[in-house]
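Survey of secondary and tertiary structure
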Amino acid sequence: MEQGTSGVSYERVDASYFKERGLQRYAGIWSLWALGVGAVISGHFSGWNFGFGTGGWGGMLVAGAIIAVMYLGLVFCIAEMSPALPHTGAAYSFARSSMGPWGGFITGLCENVEYVVTPTVICFFIGSYLNGILDTAGVGHVWPPLLWIGTFIVFLILNIFGVELSFRVTLIITLLSLAILVVFWISAIPHMDFSRWALNIAPDGTELPEGNGPLFPFGWEGVLKTLPFAVWLFLAIEQLPLAAEESVDPKRDMPKGIILGMITLIISAFMIVLLNPSVVGVGAHKLGTSAEPLLDGFRAIYGSEAVILLGTIALTGLIASFHTILYAMGRQVYSLSRAGYFPTALSVTGQKLKTPYVAMISGAVLGLAIMFILYQFVGEAAIGTTLLNMAVFGAMCSYILQAVSFILLRVNMPHIERPYRSPLGISGAVVTIIIAAVTLYYQLGDSTYQQGIYWVLAWFGVGILYFAIIGRHKLILSPEEEFAISKGHEEYKTH
């Protein structure tokens, strides 16, 4: 046992420890692109549309543009940090090198909330789509928790049995999801009536039967209240560095993969925000409370008789994100566990599987438990927005800390190798911090978001208490920790 800085203790382990926790390198540029886009793409199928209820069409568009700027700042920060610190730890790894063990743990804890809760949001929407299909087919409404459990089991199996299979599935379903969105865009254009349907929300929130309402029915305040929902158009693109130790050449491929992914998502986000509410018979007012907006659009274009086929097709986007977020959740828990911040049993991968199956199963069980608890406390009608805001709250905290890490690494470790440098520099990180902080402010200040945030704050409290009492005395000299300690000493000597 070695005493470290900041009141933490390290244990040196032998080679067998890391042999039981090894990963397999497979991913190239397009696998990484698919991982990033696939993780987000479900947000273009469901979730984002709740922003119509808080901001109207204009509010959703402007909020989406503001959030896109935030993500561009974040993505360029990550594109610089990830090849410079090519470890599976990602956000935790960046913060560990820049802010020490406590900063690393708290950043990792924020990201942990995001990656455990986000699959539950997508799982909820998958259940909603499935019940919409089953109701149409005459089967009737299935108890949602049964659909949630079945969804987790199927995609845990796909993720656990081999990284090569996981990346291939990710690439295929991501391409299918984008193809489905393109088909919808092409189908929607002849059926557009923008002024009549996209602008059918009155300033008091009621539906305008003839449309032609204001672009910003709730004013600038509505734009700001819509920021948390606009996040859903891009949330989880930042997960790419979690694949650093499974990337063939992370220093070359990671920046390209994440930047290409962001460009893809910006184009798709604009098209879906423009076209989905503009389809005749749909409208922004209806989409403001819909759990299946893309299916509503397809139904309006092709008729209810095609809903089973179209709903099944529309599920592809949700499946793509669910599959890739489970991947990210497993790697995120794995990295914190391997370094001792979480119990080390969670990072076992096995010598044959080479996938963090214990981490994925544990995270899935926790996620399902949260869904069951909220199902009892807030009911089926509110569970989707509650879970979504929990995920967004954790993500915003993580983004602020990652941008702070970027600034500190630029200032305090200027000599580390940086294969890619952000063209936005520190100013891009500052913009990210400001927008994320404003988004947090509007989550904290709105009673509709607060219930989910209380759950997250309790999560933070339990996690910090665990680390203060137990975790900080059980740290392991993992690759992230070795890097942070050695580079910190080098920079100290340089100065």
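Please refer to the structure placed before this passage.
Because the structure is a prediction, the values reported are computed rather than measured. (Residues numbered from 1 in each chain as written. Predicted model: local features only at pLDDT ≥ 70, side-chain atom pairs only at ≥ 80, totals over all residues. Heavy atoms only, no water.)

1. Observations concerning the overall build of the protein chain
Which entries qualify depends on this criterion: Only DSSP runs of H or I reaching four residues or more are called helices, and only runs of E reaching two or more are called strands; each is numbered from the N terminus. The globule rule used here is 2.2 Å times the number of residues to the 0.38 power, and the radius of gyration it is set against is calculated over C-alpha atoms. Burial status follows relative accessibility: with a 1.4 Å probe on protein chains alone, a residue under 20% of its type maximum counts as buried, one over 50% as exposed, and anything between as partly exposed. Should any heavy atoms of two residues lie within 4.5 Å, those residues are considered in contact.
From N to C terminus, the protein chain includes 17 helices and three strands. Taken against the 2.2 N^0.38 rule, which gives 23 Å for 495 residues, the C-alpha radius of gyration of the protein chain at 22 Å falls within 12% of a compact globule. Principal axes of the C-alpha set define a box for the protein chain whose edges measure 70 × 45 × 40 Å. Expressed as a percentage of the 495 residues in the protein chain, the buried residues total 60%. Pairs at least 24 residues apart make up 82% of the contacts formed inside the protein chain by residues separated by at least 6 positions.

2. Describing the environment of Leu 310
Looking at where Leu 310 falls in the secondary structure, it is placed in helix α12 (residues 307-338). Classification of Leu 310 as buried rests on a relative accessible area of 9%. Taking the C-alpha atoms as reference points, Leu 310 and Leu 146, 164 residues apart in sequence, are found 23 Å from one another.

3. With respect to the packing of helix α5 (residues 144-160) against α12
To be explicit about the condition: As a rule, the C-alpha atoms of each element are fitted with a line to give its axis, helices using only the stretch in contact, and angles between N-to-C directions run from 0 to 180 degrees. Here is the rule for angles: anything less than 35 degrees is roughly parallel, anything more than 145 is roughly antiparallel, 65 through 115 is roughly perpendicular, and the remaining ranges are oblique. For a crossing to be left-handed, the near helix must be turned anticlockwise from the far one by less than a right angle; the clockwise case is right-handed. As a working rule, the residues Ala, Val, Leu, Ile, Met, Phe, Trp, Tyr, Cys and Pro are called nonpolar, Asp, Glu, Lys and Arg charged, and the rest polar, with Gly in that last group.
Running from amino to carboxyl end, α5 crosses α12 at an angle of 60°, the nearest separation of the two axes being 10 Å. The angle between α5 and α12 falls in the class oblique. With respect to the hand of their crossing, α5 and α12 are arranged in right-handed fashion. Here α5 contributes Thr 151, Phe 152, Phe 155, Leu 156, Leu 158 and Asn 159 to the contact with α12, which in turn contributes Ile 319, Phe 322, His 323, Leu 326 and Tyr 327. Taken together, the residues of the contact of α5 with α12 break down into eight nonpolar, three polar and no charged.

4. Side note on the nonpolar core
Most often, soluble globular proteins keep nonpolar side chains buried together rather than apart. The test is simple: Note on terminology: a nonpolar core comprises buried Ala, Val, Leu, Ile, Met, Phe, Trp, Tyr and Cys residues joined through side-chain atoms within 4.5 Å.
Core analysis: the biggest nonpolar cluster contains 148 residues, and Tyr 71, Phe 184, Leu 294 and Met 396 have the highest contact counts within it. Broken down by element, the residue count for this core peaks at 17 residues, all from helix α4 (residues 91-136). Not counting residues within four places of it along the chain, the set of residues in contact with Leu 294 comprises Phe 45, Tyr 129, Ile 180, Leu 181, Phe 184, Ile 272, Asn 276 and Ala 314.

5. Overview of the packing of aromatic side chains
Definition in use: Two rings from Phe, Tyr or Trp (for Trp, the six-membered ring) form a pair when their centres are within 6.5 Å of each other. A pair whose planes differ by under 30 degrees is stacked, one over 60 is edge-to-face, and the rest are tilted. Put simply, a charge is over a ring when the Lys NZ or the Arg CZ is close to the ring centre, within 6 Å, and near the line of the ring normal, within 35 degrees.
By the definition in use, this model includes 23 aromatic pairs. The interplanar angle of 75° and the centroid separation of 6.2 Å between the aromatic rings of Phe 50 and Phe 229 together place this pair among those described as edge-to-face. One end of the pair, Phe 50, is in the loop between α2 (29-40) and α3 (52-84); the other, Phe 229, is in helix α8 (residues 219-230), and 179 residues separate them in sequence. Accessibility expressed as a relative area gives 11% for Phe 50, which makes it buried. Overall, Phe 229 belongs to the buried group, its relative accessible area being 5%. Here the aromatic rings of Phe 105 and Tyr 341 are separated by 6.2 Å at their centres, their planes lie at 15°, and the arrangement is stacked. Taken together, the positions of Phe 105 in helix α4 and Tyr 341 in the loop between α12 and α13 (357-377) put the pair 236 residues apart, joining distant regions of the chain. Ring pairs connect the aromatic residues Tyr 92, Trp 102, Phe 105, Tyr 341, Phe 342 and Phe 467, which therefore count as one cluster. Above the ring of Trp 197, the side-chain terminus of Arg 196 is found at 3.9 Å from the ring centroid.

6. Focus on the environment of Gly 104
Residue placement: Gly 104 occurs in helix α4. The spacing of Gly 104 and Glu 114 is ten residues in sequence and 16 Å in space, taken between C-alpha atoms. Not counting residues up to four positions away in its chain, the partners in contact with Gly 104 are Tyr 92, Ala 95 and Arg 96.

7. Let's talk about α13
To be explicit about the condition: For a helix, the expected span equals 1.5 Å multiplied by the residue count minus one. It is the directions from the helix axis to the C-beta atoms whose arc is reported.
Between its terminal C-alpha atoms α13 stretches 30 Å, which fits the 30 Å expected from 21 residues at 1.5 Å a residue. Restricting attention to buried positions, one finds in α13 the residues Ala 359, Met 360, Gly 363, Ala 364, Gly 367, Leu 368, Ile 370, Met 371, Leu 374 and Tyr 375. Buried residues of α13, viewed axially, fall in a sector of 160°; they line one side. Exposed residues lying more than 90 degrees from the buried face of α13 are Val 365, Gln 376 and Phe 377. Count one or two residues on from α13 and you reach Gly 379, which has phi positive near 85°.

8. Overview of the pattern of salt bridges
Here is the rule we go by: Any carboxyl oxygen of Asp or Glu that lies within 4 Å of a side-chain nitrogen of Lys or Arg is treated as forming a salt bridge with it.
On inspection of all chains with the given rule, the structure shows four salt bridges. The shortest N-O distance in the salt bridge between Arg 418 and Glu 80 comes to 3.0 Å. With Arg 418 in the loop between α14 (380-412) and α15 (425-444) and Glu 80 in helix α3, this pair connects stretches of sequence that are 338 residues apart. Between Asp 296 and Arg 299 there is a salt bridge, with the nearest N and O atoms lying 2.9 Å from each other. Highlighted residues: Asp 296 and Arg 299, both in helix α11 (residues 293-302), separated by three residues, approximately one helical turn. Residue Asp 296 is classed as buried on the basis of its relative accessible area, which comes to 6%. Overall, the relative accessible area of 22% leaves Arg 299 in the partly exposed class. Among the ionic contacts, a cluster of salt bridges with common partners joins Glu 80, Arg 410 and Arg 418.

9. Some points on a nonpolar patch on the surface
What counts, and what does not: Residues enter a patch when their relative accessible area is above 30% and they make no salt bridge; the linking distance is 9 Å between like charges and 5 Å between nonpolar side chains (Val, Leu, Ile, Met, Phe, Trp, Tyr). The protein chains shown are the only cover counted for residues, whose accessible areas, like all others here, come from Shrake-Rupley with a 1.4 Å probe.
Residues Ile 149, Ile 153, Ile 157 and Phe 161 make up a contiguous nonpolar surface patch of roughly 370 Å² in combined accessible area. Take Ile 153: it is sitting in helix α5. Ile 153 sits in the partly exposed class, given a relative accessible area of 47%.

10. Focus: α15
Every α-helix carries 3.6 residues per turn, so stepping three or four residues along brings you back to the same face. With 20 residues, α15 ought to run about 28 Å at 1.5 Å a step, and its terminal C-alpha atoms sit 29 Å apart, in line with that. Looking at α15, one finds that the buried residues are Gly 425, Gly 428, Ala 429, Thr 432, Ile 435, Ala 436, Thr 439, Leu 440, Tyr 442 and Gln 443. Viewed end-on, α15 has its buried residues packed into an arc of 165°, placing them on one side of the element.

11. Description of the environment of Tyr 92
Looking at the secondary structure, you find Tyr 92 in helix α4. The exposure class assigned to Tyr 92 is buried, which follows from its relative accessible area of 0%. The sequence separation of Tyr 92 and Val 69 amounts to 23 residues, and the corresponding C-alpha distance is 23 Å. Not counting the four nearest positions on each side in its chain, Tyr 92 is found in contact with Gly 104, Thr 107, Gly 108, Glu 111, Ser 335, Leu 336, Ala 339, Tyr 341, Ser 478, Glu 480 and Glu 481.

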